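Summary of structural features
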Amino acid sequence: MNTAADTPLSSGPALLDEIRALLDDPALRDDPLRAPLAQLHALACDQHERMARLIRISDGYHDWSQSRAEDLNARFDHHVRRLEKLARISDRYQNSLRELSESLREASITDALTGLRNRRYLMERLREESGLGKRSAQVYSLAMVDVDRFKAINDRFGHETGDIVLHRIAGTLQGAIREHDICGRWGGEEFLLILPGTPLADGCHLVERLHTRIRDLYIDAEPGGGIQVSISTGLTEYRPGEAPTHTLARADAALLQAKEGGRDRLVAI
């Protein structure tokens with residue numbers, strides 16, 4: 001293999017210098033070969049200059065191409081990093097949207113005072129349970145609960161204390177039901193219990209335990225000392241094929257009977 005020093009271009013300058021020296025030798029001035037040799041020398045110098053210029057252009061293009069390639073790689077890496085950053089931002093944004101959506105959903109179905117599910121959620125679950133009952137003939141019990149003489153508590157101790165009473169009763173009800181039962185605030189001092197897969201007799205036993213828990217509840221209040229409360233409950237069982245509003249109306253009618261019958265009692269129909 002030829003090395004760079006062996007190429008015609010690399011050895012050309014020495015040869016051209018040698019020919020130049022011969023042409024400048026006075027002793028060879030009258031030599032008949034001097035004129036053709038001078039023409040060949042001029043031609044060789046011109047070709048050598050052209051070749052050197054082409055090599056410089058080629059080297060410059062190579063350097064430019066390499067620089068451009070490096071520049072393109074740098075720009076590509078820069079864009080990749082930007083895309084990665086945008087992807088991370090997008091992921092965080094999507095997560096934030098999901099968290100916000102979940103928070104809004106949770107707020108829309110939660111009663112702010114008691115922390116229980118609100119009327120909207122209770123209606124959704126009633127429709128679901130009624131739909132399940134129509135498809136599978138599975139019953140559920142529905143209990144409408146009212147705090148006895150709650151207006152008197154507000155009038156005597158104030159609405160702030162009344163709110164505390166509702167909050168304590170809500171916590172007691174929630175803590176006494178089973179994991180799959182639903183307890184929510186229906187409105188004012190009324191609560192609603194949905195007891196899936198529970199016939200009326202079993203619902204009566206559960207509600208009686210709730211009444212006992214509420215009777216044992218003691219709430220500090222000033223002025224006037226503590227408050228002891230009781231509840232009245234109307235209980236009914238879903239009848240296959242009926243609308244949720246019919247089940248609700250029957251539970252409400254049972255609650256009215258319990259209140260008219262002296263309060264602090266359960267009426268099941």
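Reading guide: rules and limits
Residues numbered from 1 in each chain as written. Predicted model: local features only at pLDDT ≥ 70, side-chain atom pairs only at ≥ 80, totals over all residues. Heavy atoms only, no water. pLDDT = per-residue confidence, 0-100. Contact = heavy atoms within 4.5 Å. Salt bridge = Lys/Arg side-chain N within 4 Å of Asp/Glu carboxyl O. Helix = DSSP H or I, 4+ residues; strand = E, 2+ residues; numbered from the N terminus. Buried < 20%, exposed > 50% of the residue type's maximum accessible area, 1.4 Å probe, protein only. Pairing = 2+ DSSP bridges. Phe/Tyr/Trp six-rings, centres within 6.5 Å; stacked < 30°, edge-to-face > 60°. Lys NZ or Arg CZ within 6 Å of the ring centre and 35° of its normal. Patch = residues over 30% accessible without salt bridge, like charges linked within 9 Å, V, L, I, M, F, W, Y side chains within 5 Å. Areas by Shrake-Rupley, 256 points an atom, 1.4 Å probe, with all protein chains shown as cover. Lys, Arg positive; Asp, Glu negative; His and termini not counted. Charge placed at Lys NZ, Arg CZ, Asp CG, Glu CD. Expected span 1.5 Å × (residues − 1). Axes fitted to C-alpha atoms, helices over the stretch in contact; angles between N-to-C directions.

Turning next to the confidence of the model for the protein. For the protein, per-residue confidence averages 87 on the pLDDT scale, and 92% of positions sit at 70 or higher. Counting interchain partners and residues more than four positions distant, the pLDDT-below-50 stretch residues 1-9 has seven contacts.

The subject of this paragraph is the pattern of salt bridges. Under the counting rule described, the total for this entry stands at eleven salt bridges. We note a salt bridge from R117 to E106, for which the minimum N-O separation is 2.8 Å. Here E106 lies in helix α2 (residues 34-108) and R117 lies in the loop between α2 and α3 (119-136), a separation of eleven residues in the sequence. Several salt bridges converge on common partners, so that one network encompasses R105, R120 and E124.

Our focus in this paragraph is the pairing of strand β1 (residues 140-147). Look at any regular strand and the pattern is simple: side chains alternate between the two faces of the sheet. In terms of burial, β1 is largely enclosed, as eight of its eight residues are buried. Taking every second residue as pointing to the same face, both faces of β1 are buried, with Y140, L142, M144 and D146 on one and S141, A143, V145 and V147 on the other. Pairing between β1 and strand β3 (residues 190-196): seven bridges, direction antiparallel. Bridge pairing links L142 to I194 in β3.

Applying the stated criterion to the full structure yields one aromatic pair. Note that R119 overlies the ring of W186, its terminal NZ or CZ placed 4.0 Å from the centroid.

So, about the side chain of H211. By secondary structure assignment, the location of H211 is in helix α6 (residues 200-215). For H211, a relative accessible area of 2% puts it in the buried group. In contact with H211, not counting residues within four places along its chain, are I231, S232, T233, D264, R265 and L266.

A few words now on a positive patch on the surface. A surface patch of like charges, here positive, comprises R82, K85, R88 and R92. Relative to the elements of secondary structure, K85 occurs in helix α2.

Attention now moves to the environment of Q174. For Q174, the position within the fold is in helix α5 (residues 159-176). Distance in space between the C-alpha atoms of Q174 and H205 is 16 Å, their sequence separation being 31 residues. Those residues in contact with Q174 that sit more than four places away from it in its chain are L116 and C183.

Residues M51, L54, I55 and I57 make up a contiguous nonpolar surface patch of about 370 Å² in total accessible area. Inspection of the secondary structure assignment puts I55 in helix α2.

Before going further, it helps to spend a moment on the environment of Y121. Along the chain, Y121 falls in helix α3. According to the relative accessible area criterion, Y121 is buried, its value standing at 15%. Along the primary structure Y121 and I182 are separated by 61 residues, whereas in three dimensions their C-alpha atoms are 9.9 Å apart. In this view, Y121 contacts I109 and I182; residues no more than four positions away in its chain are not counted.

If you check α3, its first and last C-alpha atoms are 25 Å apart, about what 18 residues at 1.5 Å a residue would give, namely 26 Å. Along α3, the residues that are buried comprise Y121, L122, M123, R125, L126, E129, S130, G131 and G133. Buried positions along α3 lie against β1, β2 (182-187), β3 and α7 (244-260). Positive phi shows up at A137, right after α3, with a value of about 60°.

Another point: the sheet that holds β2. In space, the five strands of this open sheet follow the order β2-β3-β1-β6-β7, with mixed pairing throughout. Sheet topology places β2 and β7 (266-268) at the edges, where each strand pairs with a single neighbour. Each strand axis lies, on average, 20° off the axis of its neighbour in the sheet, ignoring direction.

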